[in-house]
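An overview of the molecular structure
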Amino acid sequence: MEAAFVEEMKSKLKEQKATILASLAEQSDDMRSLVKTVESGDEADVAADAIDRTLLTSLGSQEAIRLQQIENALERIATGKYGYCLKCGKEIPEERLRAIPYAFMCVQCATVDERRNR
């Protein structure tokens, strides 16, 4: 995976994270202070620490899942594991990552997983 592409995806992930956190901050003054706490941490701290439970419970379940997937993708970038399927280990195509930058499985493994969970 090219470094320039990974940096592009990192920026995209951070934008998506900021959008979710901004949306949350608009919903409540109490949440605004939690969002500032999360945003003020450096990347290592944010990646290492789980997001406060209060923050996650105040998000809709879909946004909470997406935010966690974004955090996980940022962690994979930090550890050099971004862009590889967690199930089969093959490289995830750039087209898939451009569409879903937090994807953690290749299309084939994701399809099998979805069929099994129906």
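Per-chain numbering applies: the sequence of each chain, read as written, is numbered from 1 onward. This being a predicted model, a pLDDT of at least 70 is required before a residue's local features are given, and a value of 80 or more before pairs of side-chain atoms are given or counted; all residues contribute to the totals for chains, interfaces and linings. Think of the side-chain values as coming from all heavy atoms in the structure, minus any hydrogens and water.

1. As for the overall build of the protein
Broken down by element type, the protein carries 7 helices and 0 strands. Residue burial is assigned from relative accessible area. The probe radius is 1.4 Å, only protein chains are included, and a residue is buried under 20% of its type maximum, exposed over 50%, and partly exposed in between. Within the span of the protein, comprising 118 residues, buried residues form 32% of the whole. The contacts of the protein with a sequence gap of at least 6 include a subset with a gap of at least 24, amounting to 56%. Only carbon and sulfur atoms are counted for the fraction: they give 49% of the accessible area of the protein, which is about 7,400 Å². A run of H or I in DSSP counts as a helix once it spans at least four residues, and a run of E counts as a strand once it spans at least two, with each numbered from the N terminus. Contacts between residues were defined by any pair of non-hydrogen atoms, one from each residue, lying within 4.5 Å. Reported accessibility uses the Shrake-Rupley method at a 1.4 Å probe radius. Residues are deemed covered only where the shown protein chains occlude them.

2. What to know about helix α5 (residues 61-79)
In this analysis, the expected span of each helix is defined as 1.5 Å times one less than the number of residues it contains. Helix length check: α5 (19 residues) gives 27 Å between terminal C-alpha atoms against 27 Å at 1.5 Å per residue, within 8%. Within two residues after α5, Gly80 carries a phi angle of roughly 80°, on the positive side.

3. Re the nonpolar core
The nonpolar side chains of a soluble globular protein tend to be buried with one another. As used in this record, nonpolar core signifies buried Ala, Val, Leu, Ile, Met, Phe, Trp, Tyr and Cys residues forming a set joined through side-chain atoms within 4.5 Å. If you look at the biggest cluster of nonpolar residues, it comprises 21 residues, and the most contacted ones within it are Leu13, Ile70, Ile77, Tyr82, Cys85 and Leu97. Secondary-structure elements contributing two or more residues to this core are α1 (3-27), α5 and α7 (107-116). Ranked by the residues each element gives to this core, the list is headed by α1, at 6 residues. Apart from residues no more than four positions distant in its own chain, Tyr82 is found in contact with Met1, Val6, Met9, Leu13, Ala73, Arg76, Ile77, Leu97 and Pro101.

4. Re the pattern of salt bridges
Side chains that differ in charge, positive against negative, can pair when their charged atoms come close. Note on definitions: salt bridges are taken to be side-chain nitrogens of Lys or Arg within 4 Å of carboxyl oxygens of Asp or Glu. The full count for this structure, using the stated rule, is 4 salt bridges. Arg98 is paired through a salt bridge with Glu8; the nearest N and O atoms lie 2.5 Å apart. Of this pair, Arg98 sits in helix α6 (residues 94-99) while Glu8 sits in helix α1, placing them 90 residues apart in sequence. The class of Arg98 is partly exposed, set by a relative accessible area of 37%. With its nearest N and O atoms 2.7 Å apart, the salt bridge here joins Glu71 to Lys17. Linking Glu71 in helix α5 with Lys17 in helix α1, this pair joins segments that are 54 residues apart in sequence. For Lys17, a relative accessible area of 11% translates into the label buried.

5. Observations regarding the environment of Phe5
By the secondary structure assignment, Phe5 is in helix α1. Assessed through its relative accessible area of 4%, Phe5 is described here as buried. For the pair Phe5 and Arg98, spaced 93 residues apart in the sequence, the C-alpha separation amounts to 9.4 Å.

6. Description of the environment of Cys85
Along the chain, Cys85 falls in the loop between α5 and α6. Relative accessible area serves as the criterion here: at 4%, Cys85 is assigned to the buried category. In this structure the C-alpha to C-alpha distance between Cys85 and Cys106, which are 21 residues apart in sequence, comes to 5.4 Å. Setting aside its immediate chain neighbours within four residues, Cys85 contacts Lys90, Ile92, Phe104, Met105, Cys106 and Cys109.

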